Every structure is written in structure tokens, then in C-alpha cells.
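Examination of the molecular architecture
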Amino acid sequence: MKKILLIEDNAEIRENTAEILSLANYEVLEAENGKVGVEMAKSEQPDLIICDIMMPVLDGYGVLHMLSKIPATSGIPFIFLTAKSEKEDFRKGMKMGADDYLIKPFDDLELLDAVEMRLKKNEILRTEFNKSAEGLQEFIQEARGLENLDKLVSNEQKTVTVKKKQYLFSEGNYPNALYFLNKGRIKTYKSNEEGREYITNLYKPGDFIGYLDLLEDQRYRETAVALEESEVVLIPRDDFFSLIHTNRDVANKFIKILSDNLADREERLLKLAYNSVRKRVAEALLLVERQSAEPGKKMALTISREDLANIVGASQETVIRTLADLKDEKLIDINAGKITILNFDKLSRLRN
């Protein structure tokens with residue numbers, strides 16, 4: 001049973017609204033003012049909040065502002081109740097993050113339709129994203145079903161096959177699509193003035209590629225090339241921006257998906273700056289292993305010494321010597337050029 005918090009200072013309106021919701025099989029929590037409502041929202045974690053704007057002690061805007069600052073309550077759908085229909089009220093509420101409005105007096109159907117729509121949207125946006133081409137299409141179809149999103153994206157997403165060592169995009173080119181890796185592996189790298197590469201990231205199936213430059217509307221700052229034959233889904237530029245601009249809820253969900261690996265990338269860049277070569281080689285091996293088909297299992301990692309050196313930010317000779325040391329310590333094994341991690345725990349806790 002879905003739990004709804006109703007914050008309304010008018011006792012008659014509060015009781016009548018609570019009765020309608022209860023008859024529709026919702027669990028209703030009642031608060032007589034904004035201050036009580038905030039405390040109940042924090043302790044009860046409702047599925048949806050319906051809140052009057054004009055109230056003593058703390059008005060609806062104050063309630064929304066306070067709850068939006070708390071991680072546990074910031075994502076709860078929020079519907080304002082107001083007796084006013086001035087555009088200024090709507091604009092202020094939506095700017096603060098309200099999801100919907102109901103103008104008093106409202107009838108039973110208006111109330112229940114608004115509640116059902118907000119709960120449905122929130123459930124869609126909380127659903128975990130299945131990181132495959134099918135999961136991507138499913139998310140798009142779900143988003144297309146939300147209000148005003150019927151023309152969200154093209155009906156058919158283009159899928160292309162990228163051969164090994166083939167470029168997906170190059171540094172300096174202007175982005176015209178968002179790329180979703182369905183199969184294979186792709187690396188991105190930057191080149192210095194001497195032509196030396198530094199690998200900025202390795203991508204596995206389920207990752208989006210090239211979204212930062214697309215979002216910032218600037219030329220690519222790195223080059224993407226396939227490490228093996230890969231299958232990539234292309235989301236056209238216009239469709240991408242339609243997705244994130246048309247609806248705030250969908251934008252929040254999609255940005256969360258896109259930022260999935262951003263924290264890992266920033267952490268790796270920090271380690272590159274402060275860790276020893278030995279520690280960086282270990283981190284690079286663990287990164288390659290995490291991007292493999294079955295992370296956590298002992299399996300031979302296929303990566304060239306050149307690419308490994310470009311991840312570490314050191315010469316190939318230095319990386320080869322470090323690999324030999326790690327092999328002598330029984331942390332890894334090397335056979336026919338392929339590397340197998342023998343002790344994940346010790347390798348991850350290697351001293352700097």
C-alpha cells in the first residue's frame with residue numbers, strides 16, 4: 001500500500017482529502033502544518049507528499065525547500081494544493097522542484113489522477129536501468145509514455161558495428177550523437193604534442209560514451225577507439241537533448257545513468273597523480289579486470305603493453321618491469337602475453 005503524506009492546515013479540507021485517498025486504498029498520514037509535515041516526511045518516508053501552499057508556521061514553499069535539501073526526502077514526488085491560480089505561484093513552485101499542482105476546489109477524479117500519475121512516474125524513474133540495448137530501448141519507451149514525451153526520441157535507434165582499432169570519434173571533432181556500448185570494449189585517450197597517448201577510460205557493455213562533451217556543447221577532448229569488435233547504439237544529438245530537456249524527472253534519471261562511471265574516473269585520475277608506478281600498474285590491472293565480461297573471476301586479461309602503459313602514464317619498459325615484479329610476488333601470472341590476477345585482495349591493497 002502506497003503511503004501519502006497530506007499537509008494541510010484546513011481541517012475540513014484535510015479530512016475530506018484524506019478520506020478520498022483512503023477509499024482509493026492509500027495509507028494517509030496527516031499533518032496540520034508545514035513544520036509537523038517536514039518531521040513526518042523525515043520519519044515516515046512517504047511515497048508522495050500533497051502539501052498546501054498557504055499555511056501558518058511553515059508554508060508549502062518552505063516545506064519543499066527543506067525536504068529538497070535532505071537526500072532521503074529530496075526524491076519524493078511533491079504535489080502542491082493552492083486556492084490561487086496566478087502564474088507566479090506555478091512558476092515559483094515548479095522552479096523549486098514541485099511535480100504538480102491541484103487548484104482548490106478539486107474533485108475526486110482530479111486528485112486521484114494526479115496522485116496516480118506522480119506515483120507511476122516516480123516508479124518508472126526509480127527502476128534500475130538494464131545496461132543493454134534492450135534495457136536502453138525499454139527506458140526510452142517508458143520515458144516516451146510519460147506526459148508530453150510521446151515524440152521523445154526516434155522510433156528506431158541506429159546500431160553500428162565498430163571493428164577492432166576502428167575509431168568511434170576523434171579528438172577535435174564535434175559531437176552529433178550519444179553512444180551506448182552494447183557489446184565489446186572501447187577505450188578513450190588523449191594525445192600530447194609529441195603524439196603520446198594517455199588512456200582516459202575503458203568502457204564495457206552498458207556504458208555511455210562521449211556524453212560530457214555533448215552536454216557541454218564542445219568538441220571532443222579525447223578519441224574513442226575499439227579494443228575489439230564492438231556493437232554501439234547511436235542516440236542522435238537532437239533526441240538526446242529532447243530526452244533531458246522535455247521533462248525534469250526523466251532528465252534526473254538519465255543524468256544519473258550517464259554519471260554512473262564518472263566518480264570512478266575522477267578517482268582514477270587522482271590516483272594517477274599521487275600513486276607510485278607500482279601502485280598505478282596494480283590499479284590499471286584491476287580496472288581492466290572490472291571492465292571484463294566476468295569481473296571477480298580468475299581469467300586471462302587481454303591488453304597490450306602499450307595500452308597498459310597508456311593507462312598507467314609510464315613507459316612500456318617501466319610497466320613490463322613492474323609486471324615482472326608482480327609475477328615474482330605471485331600476485332599475477334603471465335602466459336603468452338595474457339595476464340591473470342591471482343590475488344585480487346593483495347593487489348588492491350598494494351602499498352604505495
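So, here's what we can say about the structure. (Residues numbered from 1 in each chain as written. Predicted model: local features only at pLDDT ≥ 70, side-chain atom pairs only at ≥ 80, totals over all residues. Heavy atoms only, no water.)

1. Here we look at helix α11 (residues 277-290)
Rule in force here: Counting from the N terminus, the helices are DSSP H or I runs at least four residues long and the strands are E runs at least two residues long. Take the residue count of a helix, subtract one, and multiply by 1.5 Å to get its expected span. Relative accessibility under 20% of the residue-type maximum defines a buried residue, over 50% an exposed one, and the middle range a partly exposed one, all with a 1.4 Å probe and only protein chains included.
With 14 residues, α11 should reach 20 Å at 1.5 Å per residue; the first-to-last C-alpha distance of 20 Å fits that figure. When we look at burial in α11, the residues that qualify are Lys279, Arg280, Val281, Ala282, Glu283, Ala284, Leu285, Leu286, Leu287, Val288 and Glu289.

2. What to know about the packing of helix α2 (residues 34-44) against helix α3 (residues 60-68)
We count it as follows: To get an axis, fit a line to the C-alpha atoms, keeping to the stretch in contact for a helix; angles then go from 0 to 180 degrees between the N-to-C directions. Note on terminology: angles under 35 degrees are roughly parallel, angles over 145 are roughly antiparallel, angles of 65 to 115 are roughly perpendicular, and the others are oblique. Crossings are sorted by hand: turned counterclockwise from the far helix by less than a right angle, the near helix makes the crossing left-handed, and turned clockwise it makes it right-handed. Contact between two residues is taken to exist if any of their heavy atoms lie within 4.5 Å; hydrogens are not considered. Each residue gets one label: Ala, Val, Leu, Ile, Met, Phe, Trp, Tyr, Cys and Pro are nonpolar, Asp, Glu, Lys and Arg are charged, and the others, such as Gly, are polar.
In the contact formed by α2 and α3, the axes pass within 9 Å of each other and the chain directions differ by 25 degrees. With respect to their mutual orientation, α2 and α3 come out roughly parallel. The two elements α2 and α3 cross, and the hand of that crossing is right-handed. Residues Gly34, Val38, Ala41 and Lys42 of α2 form the contact with α3, whose own contacting residues are Val63, Met66 and Leu67. Of the residues contributing to the contact of α2 with α3, the split by class is five nonpolar, one polar and one charged.

3. Topic: the pairing of strand β1 (residues 3-7)
Each regular strand carries side chains that alternate between the two faces of the sheet. Keep this limit in mind: We treat two strands as partners when DSSP finds at least two bridges between them.
Burial within β1 is extensive, with five of its five residues counted as buried. Where burial is concerned, the two faces of β1 agree: the one with Lys3, Leu5 and Ile7 and the one with Ile4 and Leu6 are both buried. Pairing geometry for β1 and strand β2 (residues 27-31), over five bridges, is parallel. Across the sheet, residue isoleucine 7 finds its bridge partner in β2, namely alanine 31.

4. What about the sheet that holds strand β11 (residues 208-209)?
Here we have four strands laid out as an open sheet, ordered β6-β13-β8-β11, and antiparallel in their pairing. With one partner strand each, in any of the chains shown, β6 (158-162) and β11 form the two edges of the open sheet. For strand β8 (residues 177-183) and strand β13 (residues 230-236), the ladder comprises six bridges, and the chain directions are antiparallel. Paired with lysine 183 across the bridge in β13 is glutamate 231.

5. Topic: the pairing of strand β12 (residues 223-226)
With burial as the criterion, each face of β12 is covered, one bearing Thr223 and Val225 and the other bearing Ala224 and Ala226. Here two bridges tie strand β7 (residues 167-169) to β12, and the two strands are oriented antiparallel to one another. Along β12, the bridge assignment pairs phenylalanine 169 with alanine 224. Here strand β9 (residues 186-191) runs beside β12; their pairing, made up of four bridges, is antiparallel. Bridge pairing in β12 links lysine 187 to valine 225.

6. Quick word on the sheet that holds strand β4 (residues 78-82)
As summarised here, the arrangement of the five strands in space is β2-β1-β3-β4-β5, forming an open sheet in which the pairing is parallel. Edge positions in the sheet fall to β2 and β5 (100-103), since each has one partner strand and no second. Geometrically, the sheet is characterised by an average inter-axis angle of 20 degrees between neighbouring strands, direction not taken into account. Contacts from helix α1 (residues 11-23) reach β1, β2 and β3 (48-52), with the element oriented near 165 degrees to β2.

7. What to know about unusual backbone geometry
Residue lysine 104 is joined to proline 105 through a cis peptide bond whose omega torsion reads 0 degrees. By the secondary structure assignment, proline 105 is in the loop between β5 and α5 (108-126). In the Ramachandran plot, glutamine 45 falls in the positive-phi region, its phi being about 50 degrees despite a non-glycine side chain. Looking at where glutamine 45 falls in the secondary structure, it is placed in the loop between α2 and β3. Phi is positive for aspartate 217, close to 55 degrees, though the residue is something other than glycine. Within the fold, aspartate 217 resides in the loop between α7 (211-216) and β12.

8. Some thoughts on the side chain of threonine 200
We apply this condition: The term polar contact refers here to a pair of N or O atoms within 3.5 Å; inside protein, the definition further demands a hydrogen-donor-capable atom paired with an acceptor-capable atom, and it admits residues adjacent in sequence only when both atoms are side-chain atoms.
Tracing the sequence through the fold places threonine 200 in strand β10 (residues 197-203). Overall, the relative accessible area of 4% leaves threonine 200 in the buried class. At a separation of 2.7 Å, a polar atom in the side chain of threonine 200 contacts the side chain of glutamate 222.

9. Focus: the side chain of lysine 104
Position of lysine 104 among the secondary structure elements: in the loop between β5 and α5. A distance of 3.3 Å separates the side chain of lysine 104 from the side chain of glutamate 8, its partner in a polar contact. Discounting residues that sit within four places of it in the chain, lysine 104 has contacts with Glu8, Ile13, Asp52, Leu81, Thr82 and Ala83.

10. Let's talk about the nonpolar core
Put simply, the rule is: Put simply, buried Ala, Val, Leu, Ile, Met, Phe, Trp, Tyr and Cys residues joined by side-chain atoms within 4.5 Å make one nonpolar core. An automatic or database domain assignment provides the domain bounds reported here.
Ranked by internal contacts, the top residues of the largest apolar core, which has 28 residues, are Leu285, Leu308, Ile311, Val319, Leu323, Leu326 and Leu347. At the level of secondary structure, the elements contributing two or more residues to this core comprise β10, α11, α12 (305-312), α13 (316-328) and β16 (338-341). When residues in this core are grouped by element, the largest group, seven residues, is from α11. Two domains share this core, each providing at least three of its residues, namely domain 2 (159-249) and domain 3 (275-349). What leucine 308 contacts, discounting residues up to four positions off in sequence, is Ala284, Leu285, Ile303, Val319, Leu323 and Ile339. Leu5, Leu64, Ile76 and Phe80 belong to the second-largest nonpolar core, a separate cluster that totals 21 residues.

11. A few points about the pattern of salt bridges
Note the following rule: Every case where a carboxyl oxygen of Asp or Glu lies within 4 Å of a side-chain nitrogen of Lys or Arg is listed as a salt bridge.
Evaluated as defined, the whole model comprises 17 salt bridges. Where glutamate 44 meets lysine 3, a salt bridge forms, and the shortest distance between an N and an O atom there is 3.5 Å. One end of the pair, glutamate 44, is in helix α2; the other, lysine 3, is in strand β1, and 41 residues separate them in sequence. Owing to a relative accessible area of 33%, glutamate 44 belongs among the partly exposed residues under this scheme. A salt bridge links lysine 104 to aspartate 52, with the shortest nitrogen-to-oxygen separation between them at 3.2 Å. Here aspartate 52 lies in strand β3 and lysine 104 lies in the loop between β5 and α5, a separation of 52 residues in the sequence. A relative accessible area of 4% places aspartate 52 in the buried class. Taken together, the shared-partner salt bridges in this structure form one network comprising Glu8, Asp52 and Lys104.

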